[in-house]
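Structural characterization, general
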Amino acid sequence: MSKPSRFPLGLDSMGQAPAGARAKTDGRTVLRPQRPLHEAARDAVRQAAPQGLGLDSQPMRERMIGVLRREGIRCEPVFEAMRRVPRHVFVDTALANQAYEDTSLPIGLGQTISKPSVVARMVELLFEGAQARAGGSLGRTLEVGTGCGYQTALLAHLSSRVISIERLKPLFEKAGTNLSAWRLDHVRLVHGDGRLGHGPNAPYESIIAAAGGDDVPQPWLDQLAIGGRLVAPMHRSGGRGQVLLVIDRHAGGLVRTEHEAVHFVPLKSGIA
Ligand code: SAH
C-alpha cells in the first residue's frame, strides 16, 4: 500500500483556501470552520462555476434535496452535508450542468460518481446504525472507493475521522485535487486495495463501500467496531444482481440485513 496523503494537500485547486480548524466537542474532534463552510463552498462554486450553471449552485442543490425527499430519504444530516458540498466541482466541466440531477456520471477509467439518491440512501443507512444514532455522528469512517471524492466530502461533514481508499492512482490523485479546496485535516486519502481495509486506524464505527463484490472482505468485519455498521453493495448468489447489505456488529456478533437492489461498479483486487 502506498503512503497515505494527508490534508491539506498543497495548493488550493480553486485559488483560495477556505479556512477550517478543528475543535474539541464532547471529547470528539470535529471540523469547525472558521467561517461557515457553505460560504467557503459558495466561493469555490463562484470561481469554478462553468458556463450555463449560473453563479451560485445553491438553489440547484436545494432542488436536488427536494427530489431526494420525494424519493423517501429522511436523514437531515445527509441533506445538510449535501447543501455544503458542490457536486459539480467533482465532475468534468462538460458534465457539470448535469451534476444536480439524480444521475450517476462518468469520472474516468470506467468508473462513475454514484447517483445522489444512492449516496444519500447509503449514508442514511449508516446513520441508522446504533453508534451514529446515539452520537449524532458517524464516528470514525472507512470509505472504500474514493472515486472523485464527492462522497468523501459528505462523510467529512458527518464523521470525526475519514479514511478513504482508492485503488486507481489517477482517481486517488483527482480526489486529492478536488478535496484540496477545503482544509479537511481529519480526512486521509489512501492509494491502496480497499479489500484489505486500513488496519492502522481501525476500528471504525462506520464502513461504506462504493464498489460491489461477491463477499464481504474479512478485514472489513475485523475492523468494524462494536456498535458499528457497515453498508456495502453485494452480489446476491446465483447472479441475481446486487443489493445493499448492512452489517451491524453487536457485542454478541454480527447481524446482516439486505436492502434494495443497486448497481455499483465491481470491487476489484490490487492497485493500478
Ligand atoms: N463514491 C465515489 C464512487 C466511485 S465508483 C464517488 O463519489 O466518486 C467506485 C470506486 O471504487 C472506483 O473509483 C473504483 O476504482 C473503486 N474501487 C473498486 N475496487 C476497489 C478496491 N478494492 N479498493 C479501493 N477502491 C476500489
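Further up the page is the structure itself.
Residues numbered from 1 in each chain as written. Predicted model: local features only at pLDDT ≥ 70, side-chain atom pairs only at ≥ 80, totals over all residues. Heavy atoms only, no water.

1. Regarding the site of the ligand
- Inspection of the region around the ligand gives 26 residues, with C148, E166, D193, G194 and K268 positioned closest.
- Within the backbone of K268, one N or O atom sits 2.5 Å away from a nitrogen atom of the ligand.
- For the ligand, whose unbound accessible area comes to 580 Å², protein coverage reaches 99%.
- The element best represented in the shell around the ligand is strand 5 (residues 111–113), accounting for 3 residues. (Near = heavy atom within 4 Å. Polar contact = N/O pair within 3.5 Å; in protein donor to acceptor, adjacent residues only side chain to side chain. Areas by Shrake-Rupley, 256 points an atom, 1.4 Å probe, with all protein chains shown as cover. Helix = DSSP H or I, 4+ residues; strand = E, 2+ residues; numbered from the N terminus.)

2. Quick notes on the nonpolar core
- M82, F90, V123, L138 and Y150 are the most contacted members of the largest nonpolar core, which totals 55 residues.
- If you list the elements that add at least two residues to this core, you get helix 2 (58–70), helix 3 (76–84), strand 4 (105–108), helix 4 (116–127), helix 6 (150–158), helix 7 (169–179), strand 8 (187–191) and strand 11 (242–250).
- Sort the elements by how many residues they give to this core and helix 4 lands first, with 8 residues.
- Leaving out residues up to four positions away in the same chain, V123 has contacts with V78, L138, L155, L158 and I208.
- Core analysis: the second largest hydrophobic core is formed by 19 residues, L142, V144, I163 and Y204 among them. (Core = buried A, V, L, I, M, F, W, Y, C linked by side-chain atoms within 4.5 Å. Buried < 20%, exposed > 50% of the residue type's maximum accessible area, 1.4 Å probe, protein only. Contact = heavy atoms within 4.5 Å.)

3. Considering the pattern of salt bridges
- Applying the stated criterion to the full structure yields 11 salt bridges.
- A salt bridge links E173 to K169; the nearest nitrogen and oxygen atoms lie 4.0 Å apart. Of this pair, E173 and K169 both sit in helix 7, 4 residues apart, which is roughly one turn of that helix.
- Residues joined by salt bridges that share partners form a network here, namely E62, E80, R83 and R84. (Salt bridge = Lys/Arg side-chain N within 4 Å of Asp/Glu carboxyl O.)

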